[in-house]
Amino acid sequence: MTVPQRLRLLVPALLRHVSMAAAAVVAASLMRGVLLSALGPRIAWVTFYPAVTLAALYGGLVTGMLAALGSCLAVVYAWPLLCAVPFVKDSADWLGLFAFVFNCLLISGVAEASRRARLQAEHARTAAEHANKAKSVFLATMSHELRTPLNAILGFSSLMRDDTTMLGEHREMLSTINRSGEHLLKLIDDVLDMARVESGKVTISHSPFCLTGMLGDLVHLMSVRAEAKGLTLRMQTASDVPEWVSSDEARIRQVLTNLLGNAIRYTDQGGIDLRVRMDAQSGAAPLPMLVIEVADTGPGIAAGDTERVFQAFVQVGTTAGQQGTGLGLAITRQLVNALGGGIELESIVGRGALFRVRLPVAPAEPDVEGVSDSTEGGTLRLAPGTPEVRVLIADDNVDNRLLLKRIVERAGFTAQVAHNGVEAVKLFEAWRPAFIWMDCRMPIMDGLEAARRIRSSAGGDEPKIVALTASVFKEEHQNVLAAGMDDLVRKPAKPEAILACMCRLLGLSYVSVLSATAPRQQPTGPLDAVSLLRLPASVRADLAAALVTLDRQTVAAAVASACVADATLGQILRSYTDRLRYSEVRQALQVAESATEMREH
């Protein structure tokens, strides 16, 4: 930088310092000469100290010292305007003047240090905000880039597995691809979850859900992994555990998935116990406390590592080299805390570990939504007689377009595709679809702008528009709704989730066509108390006890006993329990027992 350039920068700054100092001195002089004139020549500096302090606080060292210099000039030369007698008359007054200058130097120095610290803090905060914003943009971009190919991998592998012409060996290979994709998705979600936890963006949404159904479904899924390692996964639920509760089902499921997944991963022999009960000591708490314990027979955790296991990217013990990010337990603790609960660890090396989670939950009334039970167990098709339903798919990724088109056409819809937002708007105006799948990120015109254009055009309020996005941030949902879309589905989305969303928004109904990977039977007849009375009382008691535990093997054994007693009724029971419809069987058993008691009395 040249000298003239430096002067152009310094002159405005110097003028600013001089004007601030002059204003402070003039204000102090007026106060001295008008409001405090009765003081005469005594304590001359009483009004100039505050002036210097204020000038230094606002302008720093330079402004403070200029104000001190101006104050000295006012005291020495401008006293006729302020007082009838001079302020400085002898050596003592001159000594006081020098003491005033020294004190002003100290005051200005402290003020300058404070000003610089404040500026550094502001710069640091701005840099942190920029860094946090950059991290959010990076995570959003990486989420999109990673989830988009995963959407195609998981989607196509699921579709091909359902093909009845596929050889068993090939179907097994596709299952391996699908499991590996799910594992990769879990790792991505772990990293993104940890980023959201660190930035305080974890949100908790309370709504009614079937606790026992969620537990049974989770145990059913995790049992496959446990059995693959030769382990047993048992579940015990106390009789006082409510069937329906109000809490965040997705977060509780994530907590249990992490704990059960870790238990299976680090246990080589024995088994895992999942115990669920209500805390009997929670009478003084605002809400009842649900206690969930996951105990394994693994190698255990040393006493010195019981806190370290909850730290991010930490794996302890001899099995620390296994696959994983070391984020599972760190995320679990953060989620449990966000739910208002706590997590404890008890472990003895060589004898396994026990994780105990306490969560506040409130009993709730059933609130079941979604696809009907009749759609479970196979490939979904539109019910016979359904008029043509046109579906527009807008996505710039060729694999995602092809996958989504296959899913909806196989279900009976008529589909067309668009490569970007501009094509989507033109195709809507020419074809008038009833449903639009809109990718958020597309070239030329993104999905949000395309949705706004469609909504503002003639007839644009008629179609249902759902966003497809790989973003995991809550702000994306808000942006989608603001653009006029009806809902949002995150990639990778399973075919069942795609069709369930269309069912809910369009009010359609499906029928289920059994596929190669869905051999479950539909109920072969009604299940009622009269039918159950044909079973021996001991068989009914065993079945009722098994349904309380929600243990799949125990329930299967009880149903097998029912098949021996009554083959037809046993098949009906098996069709219900295979599809985890435990609550319906329990209700029928309760009615049967009530009828038996009335007969006896």
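Preceding this paragraph is the structure being described.
Since we're looking at a predicted model, the values are computed, not measured.

About the cut-offs
Residues numbered from 1 in each chain as written. Predicted model: local features only at pLDDT ≥ 70, side-chain atom pairs only at ≥ 80, totals over all residues. Heavy atoms only, no water. Core = buried A, V, L, I, M, F, W, Y, C linked by side-chain atoms within 4.5 Å. Buried < 20%, exposed > 50% of the residue type's maximum accessible area, 1.4 Å probe, protein only. Helix = DSSP H or I, 4+ residues; strand = E, 2+ residues; numbered from the N terminus. Contact = heavy atoms within 4.5 Å. Pairing = 2+ DSSP bridges. Axes fitted to C-alpha atoms, helices over the stretch in contact; angles between N-to-C directions. Salt bridge = Lys/Arg side-chain N within 4 Å of Asp/Glu carboxyl O. Expected span 1.5 Å × (residues − 1). Arc of directions from axis to C-beta. Polar contact = N/O pair within 3.5 Å; in protein donor to acceptor, adjacent residues only side chain to side chain. Phe/Tyr/Trp six-rings, centres within 6.5 Å; stacked < 30°, edge-to-face > 60°. Lys NZ or Arg CZ within 6 Å of the ring centre and 35° of its normal. Patch = residues over 30% accessible without salt bridge, like charges linked within 9 Å, V, L, I, M, F, W, Y side chains within 5 Å. Areas by Shrake-Rupley, 256 points an atom, 1.4 Å probe, with all protein chains shown as cover.

1. Brief notes about the nonpolar core
Logical step 1: Counting residues in each nonpolar core, the largest one holds 42 residues, and the members touching the most others are L274 and F355.
Logical step 2: If you list the elements that add at least two residues to this core, you get α7 (211–228), β2 (232–237), α8 (249–266), β4 (271–278), β5 (289–296), α9 (328–338), β6 (342–347) and β7 (353–360).
Logical step 3: Not counting chain neighbours up to four residues away, the residues in contact with L274 comprise V219, R234, M235, Q236, L256, L260, I292, E293 and V294.
Logical step 4: Membership of the second largest hydrophobic core comes to 29 residues, among which are I393, L403, I498 and Y510.

2. Re the sheet that holds β2
Logical step 1: Taken in spatial order, the 5 strands make up an open sheet running β2-β4-β5-β7-β6, and their pairing is mixed. Taken across any chain shown, the strands that pair with only one partner, and hence form the sheet edges, are β2 and β6. Strand after strand, the sheet turns through a mean of 15 degrees between neighbouring axes, direction not considered.
Logical step 2: Of the strand pairs in this sheet, β2 and β4 are connected by 6 bridges, and their pairing is parallel. Note that in β4 the partner of T237 across the bridge is V276.
Logical step 3: Of the strands in this sheet, β2, β4 and β5 touch α7, which is tilted by about 165 degrees from β2.

3. Considering the pattern of salt bridges
Logical step 1: For the coordinates displayed, the defined rule picks out 21 salt bridges.
Logical step 2: The salt bridge involving E249 is made with R253; its shortest N-O contact spans 3.8 Å. Highlighted residues: E249 and R253, both in helix α8, separated by 4 residues, approximately one helical turn.
Logical step 3: With a closest N to O distance of 2.5 Å, D487 and R504 form a salt bridge. Taken together, the residues D487 in strand β14 (residues 487–490) and R504 in helix α14 (residues 495–506) connect sequence positions 17 residues apart.
Logical step 4: Connected through shared salt-bridge partners, R234, D273, R275, R277, D279, E293, E344, E346, R356 and R358 make up one network.

4. Structural notes on helix α10 (residues 398–410)
Logical step 1: For α10, with 13 residues, the first-to-last C-alpha span of 18 Å sits near the 18 Å given by 1.5 Å per residue.
Logical step 2: All buried positions along α10 are accounted for by N400, R401, L403, L404, I407 and V408. Down the axis, α10 shows its buried residues gathered within 165 degrees of arc, on one side only.
Logical step 3: Two or three places before D399, at the opening of α10, N397 has a side-chain oxygen 3.0 Å from that residue's backbone nitrogen.
Logical step 4: In the stretch just after α10, G412 is the one whose phi turns positive, near 110 degrees.

5. What about the side chain of N420?
Logical step 1: Tracing the sequence through the fold places N420 in the loop between β11 (414–418) and α11 (421–431).
Logical step 2: Given a relative accessible area of 8%, N420 falls into the buried group.
Logical step 3: At 3.1 Å, the side chain of N420 and the backbone nitrogen of V422 are in polar contact.
Logical step 4: From its side chain, N420 meets the backbone nitrogen of E423 in a polar contact 2.9 Å long.
Logical step 5: When sequence neighbours within four positions are dropped, the list of residues in contact with N420 reads M442, P443, I444 and M445.

6. Topic: the packing of aromatic side chains
Logical step 1: Tallied over the full model, the rule gives 2 aromatic pairs.
Logical step 2: Over the ring of F428 we find R432, and its NZ or CZ is 4.6 Å from the ring centre.

7. Describing the side chain of R401
Logical step 1: By the secondary structure assignment, R401 is in helix α10.
Logical step 2: Only 2.8 Å separates the side chain of R401 from the backbone oxygen of D395, close enough to count as a polar contact.

8. Re a nonpolar patch on the surface
Logical step 1: There is a patch of nonpolar side chains on the surface, built from L61, F102, L105 and L106 and spanning about 360 Å² of accessible area.
Logical step 2: Counting residues per element, the nonpolar patch draws most heavily on helix α5 (residues 91–161), which supplies 3 residues.
Logical step 3: Summarising the element assignment, L106 is placed in helix α5.

9. What to know about the pairing of strand β12 (residues 435–439)
Logical step 1: Most of β12 sits inside the fold, with 5 of its 5 residues counted as buried.
Logical step 2: Residues of β12 alternate between two faces, with F435, W437 and D439 on one and I436 and M438 on the opposite face, all of them buried.
Logical step 3: Sheet topology places strand β10 (residues 390–394) next to β12; 4 bridges connect them, and they run parallel. Each bridged residue has a counterpart across the sheet, and for L392 the counterpart in β12 is I436.

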